[in-house]
Amino acid sequence: MAPEMQNAIIRVRDISVQFGTTKVLDGLDLDVKRGEILGFVGPSGAGKSVLTRTIIGLVPKVSGSIEVFGVDLDAADAAARRGVERRWGILFQNGALFSTLTVAENVEVPIREYFPYIKPPLLDEIASYKIAMGGLPPDAGPKYPSELSGGMVKRAGLARALALDPELLFLDEPTSGLDPIAAAAFDQLVRGLQQRLGLTVFLITHDLDTLHSVCDRIAVLADKHVIGVGTIPQLLALDHPWIQEYFNGPRGRSAAGSYQEGITA
């Protein structure tokens, strides 16, 4: 692993989250290292998206600490927190685009918020560049989300996540609902962006092909905390029933076989 990946961009310690009397996360620890794509997996409803939303401040925690870029988010004042938030980009499930705005206008939202002095035509040029980075054609800019396919919505959401030139990307189920060809293309787009821009990527997914093809490490959430972090071979050495069923089940074996065939072809 490259030396720069030894530095944790995200450091989560002893995080607990509950809704009412239901505890979702309990004593969770996790580091996301600089320059890596970390896949985050676990059973449906285990709390993967909850952790992401807790890190970015949308869900309150009961206890624990969160550091991003070395900043304790609990201790940070408004200016310091805003500085951290400006350095990350987020692709929520299903894109979460504003339905009444065009793709270009969606991409411009964070730019207008953080850099209100940037006006057209420069603003339009930046949005067009980000749309291209997201893998969309130029004619996607004036379209509304309702006019886009599912894959295009994901790419538009990615373009918006890239709007502020972030160092850190949160991607929540980015290939969910896509056909295998579109999902593979999105995976390669993310890997390409990560390599060219030096991004750190926190990637929630159920897609076994994604885990094999683009993730440097994988963290597994089960039993309300992270039960293992490492490469797939390292995780397979752990004797946890969910890990064994997930990676050694029929779909897991198929994804592993497809990946091996791809790298030997």
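The structure we're discussing is the one just above.
Residues numbered from 1 in each chain as written. Predicted model: local features only at pLDDT ≥ 70, side-chain atom pairs only at ≥ 80, totals over all residues. Heavy atoms only, no water.

1. Some words on empty space enclosed by the protein
Taking a probe equal in size to a water molecule and rolling it over the atoms shows the remaining empty space.
(1) Moving on: Per the counting criterion, the structure on display carries one cavity of 30 Å³ or more.
(2) Moving on: Reported here for the largest cavity is a volume of approximately 30 Å³.
(3) Moving on: In this structure, the largest cavity is lined by Ser49, Thr52, Arg53, Ile90, Leu91, Phe92, Phe170, Leu171 and Asp172.
(4) Moving on: Secondary structure elements with two or more residues in the lining of the largest cavity: α1 (48-55), β6 (88-91) and β7 (168-172).
(5) Moving on: Residues that form the lining of the largest cavity fall into these classes: five nonpolar, two polar and two charged. (1 Å grid on protein atoms, 1.4 Å probe; cavity = no way out; pocket = protein on both sides within 12 Å on 5 of 7 lines; lining within 4 Å. Points joined across faces, edges and corners; volume = space filled by probe spheres on them. Helix = DSSP H or I, 4+ residues; strand = E, 2+ residues; numbered from the N terminus. Nonpolar A, V, L, I, M, F, W, Y, C, P; charged D, E, K, R; others polar.)

2. Quick word on the layout of surface pockets
(1) Moving on: Here the largest pocket defines a volume of roughly 480 Å³.
(2) Moving on: Along the walls of the largest pocket sit 16 residues, with Trp88, Ile90, Phe92, Pro110 and Glu113 positioned nearest its centre.
(3) Moving on: Among the secondary structure elements, those contributing two or more residues to the lining of the largest pocket are β6, α3 (103-114) and α5 (150-161).
(4) Moving on: It is α3 that contributes the most residues to the lining of the largest pocket, four residues altogether.
(5) Moving on: Within the lining of the largest pocket, the residues separate by chemical class into 12 nonpolar, one polar and three charged.

3. With respect to the packing of α3 against helix α4 (residues 122-133)
(1) Moving on: Contact pair α3 / α4: the axes reach a minimum separation of 9 Å and the direction vectors enclose 115°. As judged from the angle between their axes, α3 and α4 are roughly perpendicular. At the point where α3 passes α4, the crossing takes the right-handed sense. On α4, the residues touching Val103, Ala104, Val107, Glu108, Ile111 and Arg112 of α3 are Leu123, Asp124, Ile126, Ala127, Lys130 and Ile131.
(2) Moving on: A per-class count over the contact of α3 with α4 returns eight nonpolar, no polar and four charged. (Axes fitted to C-alpha atoms, helices over the stretch in contact; angles between N-to-C directions. Parallel < 35°, antiparallel > 145°, perpendicular 65-115°, else oblique. Left-handed = near helix turned anticlockwise from the far one by under 90°. Contact = heavy atoms within 4.5 Å.)

4. Details of the sheet that holds β7
(1) Moving on: Read across the open sheet, the six strands follow the order β6-β7-β8-β3-β9-β10; overall the sheet is mixed. Because the sheet does not close on itself, it has two edges, and the strands there are β6 and β10 (225-230). Adjacent strand axes in the sheet meet at a mean angle of 15° when their direction is disregarded.
(2) Moving on: Here β7 pairs with strand β8 (residues 200-204) via five bridges, running parallel. Residue pairing in the sheet places Leu168 in a bridge with Thr200 of β8. (Pairing = 2+ DSSP bridges.)

5. Comments concerning the nonpolar core
(1) Moving on: By size, the foremost hydrophobic cluster in this structure holds 32 residues, and its most contacted members are Leu25, Leu28, Leu30, Phe40, Val68, Phe170 and Phe202.
(2) Moving on: Beyond its immediate chain neighbours, meaning those up to four positions away, Leu25 contacts Ile15, Ser16, Val17, Ala46, Gly47, Val50, Leu51, Leu221 and Lys224.
(3) Moving on: Formed by 30 residues, the second largest nonpolar core is a distinct cluster that contains Ile37, Leu203, Cys215 and Ile243. (Core = buried A, V, L, I, M, F, W, Y, C linked by side-chain atoms within 4.5 Å. Buried < 20%, exposed > 50% of the residue type's maximum accessible area, 1.4 Å probe, protein only.)

6. Description of the packing of α3 against α5
(1) Moving on: Following both chains from N to C, one finds α3 and α5 inclined at 30°, their axes separated by 8 Å at the closest point. Here α3 lies roughly parallel to α5, going by the angle between them. Remark: the crossing between α3 and α5 carries right-handed chirality. Residue-level inspection shows Val103, Asn106, Val107 and Pro110 of α3 in contact with α5, the latter providing Ala156, Ala159 and Arg160.
(2) Moving on: For the contact of α3 with α5, a count of residues per class yields five nonpolar, one polar and one charged.

7. Concerning the side chain of Gln194
(1) Moving on: Mapping Gln194 onto the fold places it in helix α6 (residues 180-197).
(2) Moving on: Classification of Gln194 by relative accessible area gives buried; the value is 7%.
(3) Moving on: Within the structure, the side chain of Gln194 is placed 2.7 Å from the backbone oxygen of Gly35, a separation counted as a polar contact.
(4) Moving on: Residues contacting Gln194, with those up to four places away along its chain left out, are Gly35, Glu36, Ile37, Leu199 and Val201. (Polar contact = N/O pair within 3.5 Å; in protein donor to acceptor, adjacent residues only side chain to side chain.)

8. So, the sheet that holds strand β5 (residues 71-72)
(1) Moving on: Strand order in the open sheet made by the four strands is β2-β1-β4-β5, with antiparallel pairing throughout. The sheet is open, and its two edges are formed by β2 (22-33) and β5, each paired on a single side.

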